[in-house]
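# Summary of the model geometry
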Amino acid sequence: MASPAAAPTHLFFHPEASPQALDRELANWVTQRLQAGLNARSTASLAVSGGRTPIGFFALLHDADLDWSRIVITLVDERWVAPDHADSNERLLREHLLKGRAAAAQFVPLKFAAADPVAGAQLASRALAGIGEFDAVILGMGEDGHTASLFPDSPQLAAGLMDATGAACLATENATKAPRWRITLTAARIVRARALALHITGAQKWALLGEILSGSNAYRFPIRILFNQTEVDRHVFWCR
């Protein structure tokens, strides 16, 4: 992979020696962006990913010295499961982020009571309609190059990448992992943010990132939505 010195002007790398140091760096970065949002507007907003990687980051962020009552938090994607299910990203956030000072934040879920995921995605889109550009979006990346719930093998990938409906959210299928159905922010909604970051750990994902940066086909690696846009600075937070 190209070194940070050889990277495009608006692509910044934040390598750290340990997950703990990386969590601190990312928590500080997000805190700064949320504070900038609060300084400029009445509210600030943040969209985060689930999974195990961000748990340490959440533990540091939730006690940041911010006016959390003016901050809106949502998810980049959610599994089509009950909010108290072990696989629920909402449950993960409530256990690790929406506590301490951050308990005062307004949380907008992506999982609503609906007959099916398509109807659920419509409800999620309506819930997010009042939120403008996110002050920060924190993405993860799977070993297949997916981000959010935009999977390379999903029948709905084209709709998610091309902003077919103009809605914020889309119901997508994942053929390889349970649960099959997810609710995800579309690519257009993700990249329409004031700050974008990718949070990854491990040598395997670093090597994959090198391949991702060598091309632009988002159908092969959906995480390329982050790097294909050039309107917003891209930040990569990584450690072994």
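Scroll up a little and you will see the structure.
A brief report on the enclosed structure follows.

Parameters at a glance
Residues numbered from 1 in each chain as written. Predicted model: local features only at pLDDT ≥ 70, side-chain atom pairs only at ≥ 80, totals over all residues. Heavy atoms only, no water. Salt bridge = Lys/Arg side-chain N within 4 Å of Asp/Glu carboxyl O. Helix = DSSP H or I, 4+ residues; strand = E, 2+ residues; numbered from the N terminus. Buried < 20%, exposed > 50% of the residue type's maximum accessible area, 1.4 Å probe, protein only. Pairing = 2+ DSSP bridges. Axes fitted to C-alpha atoms, helices over the stretch in contact; angles between N-to-C directions. Phe/Tyr/Trp six-rings, centres within 6.5 Å; stacked < 30°, edge-to-face > 60°. Lys NZ or Arg CZ within 6 Å of the ring centre and 35° of its normal. Lys, Arg positive; Asp, Glu negative; His and termini not counted. Contact = heavy atoms within 4.5 Å. Arc of directions from axis to C-beta.

### Digging into the pattern of salt bridges
According to the stated counting rule, one finds nine salt bridges in the structure shown. Residues Asp-135 and Arg-41 are paired through a salt bridge, measuring 2.2 Å at the closest nitrogen-oxygen approach. Here the residue Asp-135 occupies a position in the loop between helix H4 (117–128) and strand S6 (136–139), and Arg-41 occupies one in the loop between helix H1 (19–40) and strand S2 (44–48), the gap between them amounting to 94 residues. A residue is classified by how much of its surface remains accessible, and Arg-41, at 29% relative accessible area, is partly exposed. Look at Asp-135 and you get buried, because its relative accessible area is 4%. Linked through salt bridges whose partners overlap, the residues forming this network are Arg-41, Glu-133, Asp-135 and Arg-194.

### Considering the sheet that holds strand S7 (residues 169–173)
With antiparallel pairing, the three strands of this open sheet are ordered in space as S4-S8-S7. A strand with exactly one partner marks an edge of an open sheet, and here the two such strands are strand S4 (77–79) and S7. Going from strand to strand, the sheet's axes swing by 25° on average, the running direction of each strand aside. Of the pairings in the sheet, the one linking S7 to strand S8 (residues 181–185) comprises five bridges and is antiparallel in character. Pairing of Leu-170 across the sheet is with Thr-184, part of S8.

### As for the packing of aromatic side chains
According to the stated counting rule, one finds four aromatic pairs in the structure shown. Ring geometry for Phe-13 versus Trp-206: centroids 5.8 Å apart, planes at 75°, classification edge-to-face. A residue pair is termed long-range when its members are at least 10 positions apart, and Phe-13 in strand S1 (residues 11–16) and Trp-206 in helix H7 (residues 203–212) qualify at 193 residues. With a relative accessible area of 14%, Phe-13 lands in the buried category. Pairwise contacts between aromatic rings join Phe-13, Trp-206 and Trp-238 into one cluster. It is Lys-111 that lies over the ring of Trp-80; its NZ or CZ is 4.1 Å from the centre. The ring of Phe-134 carries the charged tip of Arg-189 above its face, separated from the ring centre by 4.3 Å.

### Regarding the side chain of Asp-77
Secondary-structure assignment places Asp-77 in strand S4. Within the buried set, Asp-77 has no salt-bridge partner at all; the shortest N-O distance to an opposite charge, 4.7 Å, is to Arg-182. Ignoring anything within four residues of it in the chain, the contact list for Asp-77 reads Asn-89, Leu-110, Ala-148, Ser-149, Ile-183 and Thr-184.

### Thoughts on H7
If you check which residues of H7 are buried, you get Lys-205, Leu-208, Leu-209 and Ile-212. All buried residues of H7 fall inside an arc of 105° around its axis, so they share one side. Turning to H7, the residues buried within the fold contact S1, strand S9 (196–201), helix H8 (224–228) and strand S10 (234–239).

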